[in-house]
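Close look at the chain arrangement
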There are 2 protein chains.
Amino acid sequence: MRRALDLARRAAAIGEVPVGAVVYETESGRILAEAFNLRERDADPSAHAEFLAIREACRVIGDWRLNHCSLAVTLEPCPMCAGLIVNARVGRVIYGANDPKAGAVRTLYTLLEDDRLNHACEVRAGLLAEESAALLRAFFRDLRG
Amino acid sequence: MRRALDLARRAAAIGEVPVGAVVYETESGRILAEAFNLRERDADPSAHAEFLAIREACRVIGDWRLNHCSLAVTLEPCPMCAGLIVNARVGRVIYGANDPKAGAVRTLYTLLEDDRLNHACEVRAGLLAEESAALLRAFFRDLRG
């Protein structure tokens, strides 16, 4: 999660909303992919940090299934990213700050713990939440001011 | 939607789940992008038809906002795709068959009509639903044997 925070800082440095994400193999800890938000640079509405990291991890292993992997991301995933986590069968998700506007893991929806969908995921919320949220607050304050 | 159905048939022909999608400018009807499901070929869990079409449309216009566009897709979008529709501010969504397993527009969730999220979308469900569903049934029947 420290690494995800470093990635979030790199996003802020280029004017992107500071969110960072890492995908690693749960048992070995080997990192498969890391990314930060690139929506503005790429004009791509799907270029959220965790979305890019998951797609890259799939590319690296040549499979769309990540049951044996964990995702660490500094902000609670939105419905799109939570949906991808389900579709990619990510085994475990660890996230930092809750997202009151779009959080789809605990805040507005609980998409990762819905028995009707074909995958359920282990969730750990609130890791380095304060640091993750502080980065976002500082970014939006600077943007306004 | 006829065009989306043709695209879905092309997916089936290469062994992909038959779903097709088209993104067009709502007023002019000009098509910006079309796609079909490519999850297996690309080993990419995000390669759903409507997901690929929306990303391609953004690439074509160089913007991640599609308020002036419509999406036609043969199957009800899943949470990931519905989340992208919200994130990309797609103005209107027309879909064919309901998806009892993962539908996030009307069946399991109503993500496109949630006032808490920062975009609401016009929805029209059930267009060419029977043809769309028949394609999927035939595909899964052949797969089983």
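For the structure itself, consult the block above.
So, a few notes on the structure that sits alongside this text. Bear in mind that the values here come from a model prediction, so they are computed numbers and not experimental data. (Residues numbered from 1 in each chain as written. Chains lettered and ligands numbered in written order. Predicted model: local features only at pLDDT ≥ 70, side-chain atom pairs only at ≥ 80, totals over all residues. Heavy atoms only, no water.)

For chain A, the count of helices and strands is 5 helices and 5 strands. Along the chain direction, N to C, the helices and strands of chain A fall in the order α-β-β-α-α-β-α-β-β-α. Over its C-alpha trace chain A gives a radius of gyration of 14 Å, about what one expects of a compact globule, namely 15 Å for 145 residues. Dimensions along the principal axes, computed over C-alpha positions, put chain A at roughly 45 × 30 × 25 Å. Every one of the 145 residues in chain A was classed for burial, and the buried ones make up 58%. (Helix = DSSP H or I, 4+ residues; strand = E, 2+ residues; numbered from the N terminus. Rg over C-alpha atoms; globule rule 2.2 N^0.38 Å. Buried < 20%, exposed > 50% of the residue type's maximum accessible area, 1.4 Å probe, protein only.)

All right, on to the interface of chain B and chain A then. Of the residues lining the interface, 29 residues belong to chain B; the matching set on chain A comes to 29 residues. Overall, the association of chain B and chain A removes approximately 2500 Å² of surface from exposure, summing both partners, and the carbon and sulfur fraction of that is 62%. Three residues stand out in chain B for area buried against chain A, namely B:Pro45, B:Trp64 and B:Tyr109, and they jointly supply 25% of the buried area on that side. Linking chain B to chain A there are 2 salt bridges. The salt bridge involving A:Arg55 is made with B:Asp44; its shortest N-O contact spans 2.9 Å. Across the contact surface, chain B and chain A share 10 residue pairs in polar contact (both at pLDDT 80 or more). Contributions of two or more residues to the side of chain B that touches chain A are made by helix H2 (39–42), helix H3 (49–61) and helix H4 (79–87) of chain B. By residue number, the principal contributor to the side of chain B that touches chain A is H4(B), which donates 5 residues. (Contact = heavy atoms within 4.5 Å. Buried area = accessible area lost by both parts, 1.4 Å probe. Salt bridge = Lys/Arg side-chain N within 4 Å of Asp/Glu carboxyl O. Polar contact = N/O pair within 3.5 Å; in protein donor to acceptor, adjacent residues only side chain to side chain.)

Another aspect to go through is the environment of A:Ala129. Residues and elements named next belong to chain A. Inspection of the secondary structure assignment puts Ala 129 in helix H5 (residues 129–144). Residue class for Ala 129 comes out partly exposed when judged on its relative accessible area of 23%. Along the backbone, Ala 129 and Asn 98 are 31 residues apart, and their C-alpha atoms lie at a distance of 7.6 Å. If we skip the residues at most four places from it in the chain, Ala 129 touches Gly 96 and Ala 97.

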